[in-house]
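Chain by chain, the residues:
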Amino acid sequence: MKKERKNEANVPNLRFKEFDGEWKYTFLSDLGDFIGGGTPSSSNSNFWKGSIPWVSSSDLEENNIQSIKISRFITEEAINKSSTKFCEGPLVLIVSRVGVGKVAYSNESICTSQDFTNIVNFKCNGLFLSYFLSVEMKNSASSIQGTSIKGISSSEIKSKKLFIPNDEEQQKIAFFLSLIDKRITTQSKIIEELKSLKMAVNENIFKQNLSFKVEDEGHYKEWKVLKLREISKIYDGTHQTPNYVNNGIPFYSVEHLTADKFTNTKYISNQVFEKENIRVKLERGDILMTKIGNIGLAKYIDWNVKASFYVSLALIKKSDNINNEYLCYFMNSSFFQSELWKRTIHVAFPQKINLGEIGECNVMVPSQPEQLKIATLLKSLNDKLKLEIILLKRFKNQKQYLLSNLFI
């Protein structure tokens, strides 16, 4: 997150319109008192039965100064008999060794491990300072990557120079960025709740705890249980690693399904593609499923596809016997996953499942109208989740842009 200065004056690239004048130049050491940390002996369990919060670098979250997961508490005796220090809140926590680059702000008094350099008794707005340091420490962490340096010393942190505005402008910047952080937190919560809802609906539909009704006619017909081979033809991809070319026909493998990205692929020549197409042709409406390594991840092909695929993937052809979009949701359910697990060769490395065994897996088959209703409902949840994830990414990008331009 390198800052690109767009002007020569000591002002940031972006600024609230009610403020003017240059920012004041100062050393970080002049903006507060610095305290290190330490770890009480883990062999004395009594040290860890107190009520004073103690955190290590793993308790802080990347790119979120307001997220500290406090799960360990120590006694006053532990403080007295170790190098950890009691840091009275509010304070800025800077990870300067293992996990270097993380920064957090705490209103609560806290103790930390030796991987921290903490600032108390601020002489500026603490939140403003935290946001500034979250940018500065990230840049410092990037600059030492690949070197033998294990961290950044306390004296190096104290000697950092920075520009700061007056108190009112500090407060305005800190308040604005904290609002964005709250929105990101809310958006993350929305996504987690949607994931839980999607999982619950998925499980309850295939356990038939949730069911659709036919208007004025009650429930749909009872579901059948059929072997996958009875309703669809199943193929695998080419068994030989092809000669790749710089440009040509996309070639899919397990990594493209696990990442759910089908744009950055290797390529094969059109001649190889046409030869493979004689044996098996991938089309819109088919399902690809991983069968080696990460077994059982199914992907419905909902785009006009022209590609070939490796033996690590199984192809379940579209069929008049079943709605393939419904089938794909069913294949990703716990019911079908347990069918796959029973037939997987677990002693193989990597684990794999043979094509014939995939065909022996049981599939629960409702009537075609009910399949359509189920697929439509689950797709709507999927689409909603994708939109919320895109929105979260935009909020995070906006925050990174502001962090890069609201400070000097």
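This write-up is about the structure you can find in this document. Remember, it's a predicted structure, so these values are computed and weren't measured experimentally.

Along the protein, the regular secondary structure elements total eleven helices and 22 strands. A compact globule built from 408 residues should have a C-alpha radius of gyration of about 22 Å, whereas the protein, at 28 Å, is more than 25% larger. Taken over 408 residues, the protein has a buried fraction of 47%. Look at the contacts in the protein between residues 6 or more apart in sequence, and 73% of them connect residues 24 or more apart. If you sum the accessible surface of the protein, you get close to 22000 Å²; carbon and sulfur atoms cover 50% of it. Treating the 55 positive side-chain charges of the protein as one cloud and the 45 negative ones as another, the clouds have centres 4 Å apart.

On to the pattern of salt bridges. Evaluation of the coordinates by the stated rule reveals 20 salt bridges. When the shortest N-O distance is used, the salt bridge between Glu169 and Arg15 registers 2.8 Å. Residue Glu169 is found in helix α4 (residues 167–206), and its partner Arg15 is found in the segment before β1 (24–27); the two are separated by 154 residues along the sequence. Assessed through its relative accessible area of 1%, Glu169 is described here as buried. In this structure, the salt-bridge partner of Lys317 is Glu283, at a minimum N-O distance of 2.7 Å. A residue pair is termed long-range when its members are at least 10 positions apart, and Lys317 in the loop between β21 (313–316) and α8 (324–331) and Glu283 in the loop between α7 (270–279) and β18 (287–290) qualify at 34 residues. Connected via shared salt-bridge partners are Glu339, Lys342, Arg343 and Glu357.

Moving on to the sheet that holds strand β2 (residues 33–35). Strands sit in the order β2-β10-β7-β8 across an open sheet of four strands; the sheet is antiparallel. Where the open sheet ends on each side, the last strands, each with one partner, are β2 and β8 (103–106). Across the sheet, the axes of successive neighbouring strands diverge by a mean angle of 25°, strand direction being ignored. Of the pairings in the sheet, the one linking strand β7 (residues 91–95) to strand β10 (residues 116–120) comprises four bridges and is antiparallel in character. The residue bridging Val92 from the neighbouring strand is Ile119, located in β10.

What follows deals with the packing of aromatic side chains. Per the stated rule, a full pass over the model turns up 16 aromatic pairs. The ring centre of Phe16 lies 5.2 Å from the NZ or CZ of Lys172, which sits over that ring.

Moving on, we come to the sheet that holds strand β16 (residues 249–252). Each strand in a sheet pairs with its neighbour through backbone hydrogen bonds, running either in the same direction (parallel) or in the opposite one (antiparallel). Read from one edge to the other, the open sheet built from three strands follows the order β17-β16-β20, with strand pairing classed as mixed. Both outer strands of the open sheet, β17 (266–268) and β20 (308–309), are each paired with one neighbouring strand and no more. The sheet contact formed by β16 and β20 spans two bridges and is parallel. Each bridged residue has a counterpart across the sheet, and for Tyr252 the counterpart in β20 is Phe309. Strands in contact with α7 are β16, β17 and β20; relative to β17, the strand with the most contacts, it is inclined by about 75°.

With eight of eight residues buried, α8 lies mostly within the body of the structure. Along α8, the positions that sit buried rather than exposed are Asn324, Glu325, Tyr326, Leu327, Cys328, Tyr329, Phe330 and Met331. With a side-chain oxygen positioned 2.9 Å from the backbone nitrogen of Glu325, the residue opening α8 is Asn323.

Within the element layout of this structure, Lys160 appears in the loop between α3 (154–158) and β11 (161–164). In this view, Lys160 contacts Thr26, Phe27, Leu28, Glu136, Met137 and Ser140; residues no more than four positions away in its chain are not counted.

Right, let's talk about the packing of α8 against helix α11 (residues 368–405) for a bit. α11 packs onto α8 with a crossing angle of 65° between their chain directions and a minimal axis gap of 8 Å. With respect to the hand of their crossing, α8 and α11 are arranged in left-handed fashion. In this structure, α8 contributes Glu325, Tyr326 and Tyr329 to the contact, and α11 contributes Gln371, Ile374, Ala375, Leu378, Lys379 and Asn382.

Another aspect to go through is the environment of Pro350. If you trace the backbone, Pro350 turns up in the loop between α9 (334–343) and α10 (355–359). Overall, the relative accessible area of 39% leaves Pro350 in the partly exposed class. The spatial distance from the C-alpha of Pro350 to the C-alpha of Gly218 is 48 Å, given a sequence separation of 132 residues. If sequence neighbours within four positions are ignored, Pro350 has contacts with Ile292 and Gly293.

Moving on to the pairing of β16. What you see with β16 is no split at all: Ile249 and Phe251 on one side and Pro250 and Tyr252 on the other are buried throughout. Where β16 meets β17, three bridges bridge the pair, whose relative direction is antiparallel. Looking at the pairing, Ile249 lines up with Ile268 of β17.

A cis amide bond links Gly89 with the next residue in sequence, Pro90, at an omega value of 0°. As for its placement among the helices and strands, Pro90 is situated in the loop between α1 (76–80) and β7. Put simply, Phe349 and Pro350 share a cis peptide bond, and its omega is 0°. The backbone of Gln208 sits at a positive phi, close to 60°, despite the residue not being glycine. For Gln208, a relative accessible area of 40% puts it in the partly exposed group. Residues other than glycine seldom take positive phi values, yet Asp260 does so here, at roughly 55°. Relative to the helices and strands, Asp260 resides in the loop between α6 (254–259) and β17.

Criteria and thresholds
Residues numbered from 1 in each chain as written. Predicted model: local features only at pLDDT ≥ 70, side-chain atom pairs only at ≥ 80, totals over all residues. Heavy atoms only, no water. Helix = DSSP H or I, 4+ residues; strand = E, 2+ residues; numbered from the N terminus. Rg over C-alpha atoms; globule rule 2.2 N^0.38 Å. Buried < 20%, exposed > 50% of the residue type's maximum accessible area, 1.4 Å probe, protein only. Contact = heavy atoms within 4.5 Å. Areas by Shrake-Rupley, 256 points an atom, 1.4 Å probe, with all protein chains shown as cover. Lys, Arg positive; Asp, Glu negative; His and termini not counted. Charge placed at Lys NZ, Arg CZ, Asp CG, Glu CD. Salt bridge = Lys/Arg side-chain N within 4 Å of Asp/Glu carboxyl O. Pairing = 2+ DSSP bridges. Axes fitted to C-alpha atoms, helices over the stretch in contact; angles between N-to-C directions. Phe/Tyr/Trp six-rings, centres within 6.5 Å; stacked < 30°, edge-to-face > 60°. Lys NZ or Arg CZ within 6 Å of the ring centre and 35° of its normal. Polar contact = N/O pair within 3.5 Å; in protein donor to acceptor, adjacent residues only side chain to side chain. Left-handed = near helix turned anticlockwise from the far one by under 90°.

Keep in mind these values describe shape, not function.
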